[in-house]
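Architecture and fold: a report
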Amino acid sequence: MSLQRSVVTEAAELEALRPEWDDLLARTATNEPMLSPLWLLAWWRVFGALDGRRLAALVCRDGDRLVGLAPLLERGHRYPPGIPFRRLEVMGTGEDEADEICSEYVGVLAARGAGADVAEAVAAAPAEGALGPWDELSISPMDGTSPMPALLASALSRRGLAAELESIGSSPYIELPRSFPAYLGALSSSSRYLITR
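The residue numbers shown here count from 1 along each chain, following its written sequence. At least 70 in pLDDT is required for a residue's local features to be given in this predicted model, at least 80 for side-chain atom pairs to be given and counted, and no such filter applies to totals for whole chains, interfaces and linings, which use all residues. Calculated side-chain values reflect all of the structure's heavy atoms, with hydrogen atoms and water omitted.

**Observations regarding the sheet that holds strand S7 (residues 109–110)**
Heads up, the condition is: The pairing criterion is simple: DSSP has to find at least two bridges between the two strands. Secondary structure elements follow DSSP: runs of H or I no shorter than four residues count as helices, runs of E no shorter than two count as strands, and numbering proceeds from the N terminus. Contact definition: two residues touch when any of their heavy atoms are within 4.5 Å. Between the N-to-C directions of two axes lies an angle of 0 to 180 degrees, each axis being a line fitted to C-alpha atoms and, for a helix, fitted only over the stretch in contact.
Spatially, four strands are ordered S1-S3-S4-S7 in an open sheet, and the strand pairing comes out antiparallel. The sheet is open, and its two edges are formed by strand S1 (4–8) and S7, each paired on a single side. Alignment of strand S4 (residues 65–70) against S7, held across two bridges, turns out to be antiparallel. The residue bridging Gly68 from the neighbouring strand is Ala110, located in S7. Those strands touched by helix H2 (residues 18–26) are strand S3 (57–62), S4 and S7, and its axis lies near 85° from that of S4.

Here it is in structure tokens:
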């Protein structure tokens, strides 16, 4: 599949994609709340103007249909002792620690069956300069169980760009039973006592 790609640099343009974005989210394997327009557009309204951020969202279409979206932005970043970098990163990340909201499972959206093509389009955009000047591309924290991180790393490497997948944390969870009594029944007696107390 040959995708057409475009770069959205205005918040109003991204807002106009909202119905298609919602539809795309429903057609992905990574339908996460923090990839939704509700979350990311609200994040942009609060943090978008800070630190010289510039919207650089990559839109991928197969004909008229939205099949991929990389909600990226570009901003200046400094590494100690003050080395300046132009960083491309995912919306929903990069706040100062005091303001950090800890978006999880952000990244690139791709319709089921279009992941490899979307990854190729996303990798081609910075390699060809379509997203403007940059020194570093940071797409984290992505869901490590989805295929997209590996697809992106491979696509970037094929273009001669150094790509590294790094596990930077985990999101622990437990499978909950259907009812609270069933949950209590699975606990040790001391844990049951503490919870019911």
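**Points about the sheet that holds strand S8 (residues 136–138)**
Sheet architecture is open: four strands sit in the order S2-S5-S6-S8, paired in mixed fashion. Every interior strand has two partners, whereas the edge strands, strand S2 (54–55) and S8, have only one. For S2 and strand S5 (residues 72–79), the ladder comprises two bridges, and the chain directions are antiparallel. Paired with Arg54 across the bridge in S5 is Glu74.

**Considering the nonpolar core**
Using the following cut-off: Here, the term nonpolar core denotes a set of buried Ala, Val, Leu, Ile, Met, Phe, Trp, Tyr and Cys residues that are joined through side-chain atoms within 4.5 Å. Throughout this description, buried means an accessible area under 20% of the type-specific maximum (1.4 Å probe, protein chains only), exposed means over 50%, and partly exposed covers the range between.
Counting residues in hydrophobic clusters, the biggest one holds 45 residues, and the most contacted among them are Leu14, Met91, Val108, Val118, Met148 and Leu152. Residues contacting Met148, with those up to four places away along its chain left out, are Val108, Ala110, Gly115, Val118, Ala119 and Met142.

**Some points on the pairing of strand S6 (residues 83–90)**
With eight bridges connecting them, S5 and S6 associate as antiparallel partners. In the sheet register, Tyr79 faces S6, and the bridge partner there is Ile83. The hairpin turn running from S5 into S6, its antiparallel successor, is three residues long, and Gly82 in that turn takes a positive phi close to 130°. Looking at chain direction, S6 and S8 are connected through three bridges and run parallel. Across the sheet, residue Arg87 finds its bridge partner in S8, namely Glu136.

**So, unusual backbone geometry**
Omega for the bond connecting Pro80 with Pro81 falls within 30 degrees of zero, at 10°, which places this linkage in the cis form. With respect to the secondary-structure elements, Pro81 resides in the loop between S5 and S6. Positive phi, normally seen in glycine, also occurs at Asp51, with a value near 60°. By the element assignment, Asp51 lies in the loop between helix H3 (37–47) and S2.

**Things to note about the pattern of salt bridges**
Note the threshold: Only one rule defines a salt bridge in this text: a Lys or Arg side-chain nitrogen within 4 Å of an Asp or Glu carboxyl oxygen.
Under the criterion given, the structure shown has 13 salt bridges. The salt bridge partner of Arg61 is Glu20, with a shortest N-O separation of 2.7 Å. Linking Arg61 in strand S3 with Glu20 in helix H2, this pair joins segments that are 41 residues apart in sequence. Between Arg86 and Glu74 there is a salt bridge, and its shortest N-O distance comes to 2.3 Å. Taken together, the residues Arg86 in strand S6 and Glu74 in strand S5 connect sequence positions 12 residues apart. Residue Arg86 is classed as partly exposed on the basis of its relative accessible area of 31%. The network of salt bridges with shared partners includes Arg75, Arg87, Glu89 and Glu136.

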